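Notes for the structure review
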Amino acid sequence: MPMQPWFRDAKLGIFLHYGIYAVDGVPESWAFYDGDVPHERYMSQLDRFTASDYDPRAWAALFARAGARYAVLTARHHDGVALWDTGQGDLSVVARSPAGRDLIAGYTEALRDQGLKVGLYYSHSDWNHPDYATAVHPEPHDEEIRTNRYASARPGEEDPAAWARFLAYRDAQVGELVNRYRPDLLWFDGEWERSEEQWGLDALAGLILAANPDTVLNARMLRHGDYATPEQGVPVVAPDGPWELCLTVNDSWGFRHHDHHHKSVRQLVRHLAETIGMGGNLLLAVGPREDGTIPAEQAARLEGLGEWVAKHSTAVYGTVAGLPAGHHYGPSTLSSDRRTLYLMCFDTPRETVSLRGLRTPVRRVSVLGRGTALGHRVVGGLGEVPGVLWIDAPPAADVDDCATVLAVELDGELELYRGAGRD
Ligand code: GLC
């Protein structure tokens, strides 16, 4: 399926890991899987999960101010705890926690009212389901998966009937999500514990796309995925096809009381610029507290990022990947008509900014968000090898605190010289 245009143009999404793990501030699901927290203690967070200040309208308004065009909420993480009133068992915050209500409907409505697309995260794996650890991956990428009692059947104890029941439960839950909330995007996870065949992904994709053929699916739907999902590790070269970098604003997916290691607004601007400069989207993760509020230091990062995006929106939305490395010292984007280049300068430009290998003549260069026109000239060049475009550095008053963007308007569509110069 061709990628939905909204996804390519969105550039920024917000990832929300919201669940019972926020109560004690332990790693989402992994806390009991890894044995760091006894299972009973982990599950006791259900009794203290209140969602007492859950205000999805405030979330959506904040995300819109951040410049995001979509969000993804953990409908059900690997711990199996559903944020909606599932008809499949009673392991939900609706049935089992003081929150006592659906936490997805309000979120989807609030996003849509802000014009944002709705994403739901759903983990293939469910470490709490009685039928889950009844199969074993034939070739796991990590042998430990076979020995973890929450993930895999013990040797000789596989139970195909139980596994079939698990798949029916999974299909029914995904069916609930798709039919009740009509998400624009489903963000799957946890695929590494079984093979594609074991997961029955053909059937799952069929079920989702029958309900809404435009649903975007991430790569953790394996063959059925529409886009790659590099996680935390910022790619150096662009993955093939559409992609999205998921990245935490601090060091954790979910809320953790002691994690104050937040990236600065400048660093977030860099990550966004580098990602969109290589044609990807940034899915920036925040972790709401158990009451549903987004910690102030995370909200402040989103506001700061949003200020930069608002000032430079033409360099962000509706653009495509910019120049390959070697032409400009920094990322760049290109307008969809390929006639304007946006050069991102993270440092304060001194004297001049150079652009190499540009074949298309330049009409005008200006500082985006300020309008100041900058002098420019081409120096050198011989035959088919273009000279260097020297752009006068912007005046100090026009230098942005995070990243100054120079709009280079071309006299035609971008054409580059990619060679090694004359012999
Ligand atoms: C990993 C983790 C998970 C997190 C996800 C986000 O797959 O298992 O905790 O939700 O990354 O990309």
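Residues numbered from 1 in each chain as written. Predicted model: local features only at pLDDT ≥ 70, side-chain atom pairs only at ≥ 80, totals over all residues. Heavy atoms only, no water.

**Focus on the environment of Arg65**
As a reminder, the rule being used: The numbering of helices and of strands both runs from the N terminus, where a helix is a DSSP run of H or I of at least 4 residues and a strand a run of E of at least 2. Contacts: residue pairs with any heavy atoms within 4.5 Å of one another. N or O atoms within 3.5 Å of each other form a polar contact, as long as, within protein, one can give a hydrogen and the other can take it, and as long as residues adjacent in sequence are counted only when both atoms are side-chain atoms.
Topologically, Arg65 is positioned in helix α5 (residues 56-66). Each residue touching Arg65, except ones within four places of it in the same chain, is listed here: Glu303 and Gly306. Within the structure, the side chain of Arg65 is placed 2.8 Å from the side chain of Glu303, a separation counted as a polar contact.

**Observations concerning the site of the ligand**
Applied cut-off: Note on terminology: near, applied to a residue and a molecule or strand, indicates that one of the residue's heavy atoms is within 4 Å of it. Computed by Shrake-Rupley with a 1.4 Å probe, the accessible areas treat only the displayed protein chains as cover when residues are assessed.
With respect to spatial proximity, 14 residues lie near the ligand, and among them His17, Glu28, His77, His78 and Glu231 are the closest. Between the ligand and His78 there is a distance of 2.8 Å, counted from an oxygen atom to a side-chain nitrogen or oxygen. Within the complex, the protein chains bury 95% of what would otherwise be the 310 Å² of accessible surface of the ligand.

**Quick notes on the domain arrangement of the chain**
Put simply, an interface is often sized by how much accessible area is lost when its parts join up. Selection rule: Segmentation of the chain into domains, including their bounds, is taken from an automatic or database domain assignment. By buried area we mean the combined loss of accessible area, with a 1.4 Å probe, across both parts when two parts are placed together. Any Lys or Arg side-chain nitrogen found within 4 Å of a carboxyl oxygen on Asp or Glu counts as a salt bridge.
When the domains of the chain are assigned, the result is domain 1 (5-311) and domain 2 (319-410). For domain 1 and domain 2, the distance between their C-alpha centres works out to 38 Å. Facing the 13 residues of domain 1 at the interface are 17 residues of domain 2. Buried area between domain 1 and domain 2, both sides added, is near 1,200 Å², and the carbon and sulfur share of it is 60%. Ranking the residues of domain 1 by area buried against domain 2 places Arg266, Trp308 and Lys311 at the top, with a combined share of 44%. On inspection of domain 1 and its partner domain 2, the count reaches 3 salt bridges.

**A word on α5**
Our working rule: Buried, partly exposed and exposed residues are distinguished by accessible area as a fraction of the type maximum, computed with a 1.4 Å probe on protein chains only: under 20%, between the cut-offs, and over 50%, respectively.
Those residues of α5 not exposed but buried are Pro56, Trp59, Ala60, Ala61, Leu62, Phe63 and Ala66. In this structure, the buried residues of α5 make contact with β1 (12-16), β2 (70-76), α7 (105-113) and α13 (296-311). In the stretch just after α5, Gly67 is the one whose phi turns positive, near 95°.

**Details of helix α9 (residues 160-181)**
Heads up, the rule is: Here, expected helix span is obtained from the residue count minus one, scaled by 1.5 Å.
For α9, which comprises 22 residues, the first-to-last C-alpha distance of 31 Å matches the rise-based estimate of 32 Å (1.5 Å per residue) to within 8%. Backbone geometry just downstream of α9 places Arg182 in the positive-phi region, at approximately 45°.

**Let's talk about the sheet that holds strand β6 (residues 244-248)**
Either a parallel or an antiparallel arrangement is found when strands of a sheet pair, and the pairing is made through backbone hydrogen bonds. Our working rule: Two strands make a pair as long as DSSP finds a minimum of two bridges between them. Only the contacting stretch of a helix is used when fitting its axis, a line to C-alpha atoms as for every element, and angles between N-to-C directions run 0 to 180 degrees.
Pairing in this open sheet of 7 strands is parallel, and the strands run β5-β4-β3-β2-β1-β7-β6 from one edge to the other. Single-partner strands in this sheet number two, and they are β5 (216-217) and β6. Where β1 meets β2, 4 bridges bridge the pair, whose relative direction is parallel. Following the sheet pairing, Phe15 is matched in β2 by Val72. Contacts from α7 reach β1, β2 and β3 (117-123), with the element oriented near 150° to β3.

**A closer look at the pattern of salt bridges**
Inspection of every chain in the model, using the stated rule, returns 22 salt bridges. As a salt-bridge pair, Glu143 and Arg146 come within 3.3 Å of each other at their nearest N and O atoms. For Arg146, a relative accessible area of 31% corresponds to the partly exposed category. In this structure, Arg359 and Glu384 form a salt bridge, with 3.5 Å as the shortest nitrogen-oxygen distance. Placement of Arg359 in the loop between β11 (352-355) and β12 (362-367) and of Glu384 in the loop between β13 (376-382) and β14 (385-392) is noted, with a sequence separation of 25 residues between them. One continuous salt-bridge network, built from bridges that share partners, spans Asp24, Arg41 and Arg48.

**Observations regarding the packing of aromatic side chains**
For the record, the criterion: Stacked, edge-to-face and tilted labels apply to pairs of Phe, Tyr and Trp rings (six-membered ring for Trp) whose centres lie within 6.5 Å, assigned for plane angles under 30 degrees, over 60, and everything in between, in that order.
If you walk through the whole model with that rule in mind, you get 26 aromatic pairs. A centroid spacing of 5.7 Å and a plane angle of 80° characterise the contact between Trp6 and Phe7, whose relative ring orientation is edge-to-face. Each of the two residues, Trp6 as well as Phe7, counts as buried. Taking 4.8 Å as the distance between ring centres and 50° as the angle between the ring planes, the aromatic pair formed by Phe15 and Trp187 counts as tilted. Taken together, the residues Phe15 in strand β1 and Trp187 in strand β4 (residues 185-189) connect sequence positions 172 residues apart. Each of the two residues, Phe15 as well as Trp187, counts as buried. Aromatic rings pair up to connect Trp30, Phe32, Tyr33, Tyr42, Trp127, Tyr150 and Trp192 into one cluster.

**Quick word on the sheet that holds strand β10 (residues 340-345)**
Pairing is antiparallel in the open sheet, where 5 strands are placed in the order β8-β9-β10-β15-β12. Pairing within the sheet leaves two strands with one partner each, and these edge strands are β8 (319-321) and β12. Averaged over all pairs of adjacent strands, the angle between their axes in this sheet comes to 25°, without regard to strand direction. One ladder, built from 6 bridges, connects β10 with strand β15 (residues 404-410); its direction is antiparallel. Across the sheet, residue Cys345 finds its bridge partner in β15, namely Thr404.

**Quick word on the state of the cysteines**
One covalent bond between the sulfur atoms of two cysteine residues makes up a disulfide. Note the threshold: Disulfide assignment relies on a single distance test, namely cysteine sulfur atoms paired within 2.5 Å.
Counting across every chain of the model gives 0 disulfides. Of the cysteine sulfurs around Cys402, a residue in no disulfide, the closest is that of Cys345, at 14 Å.

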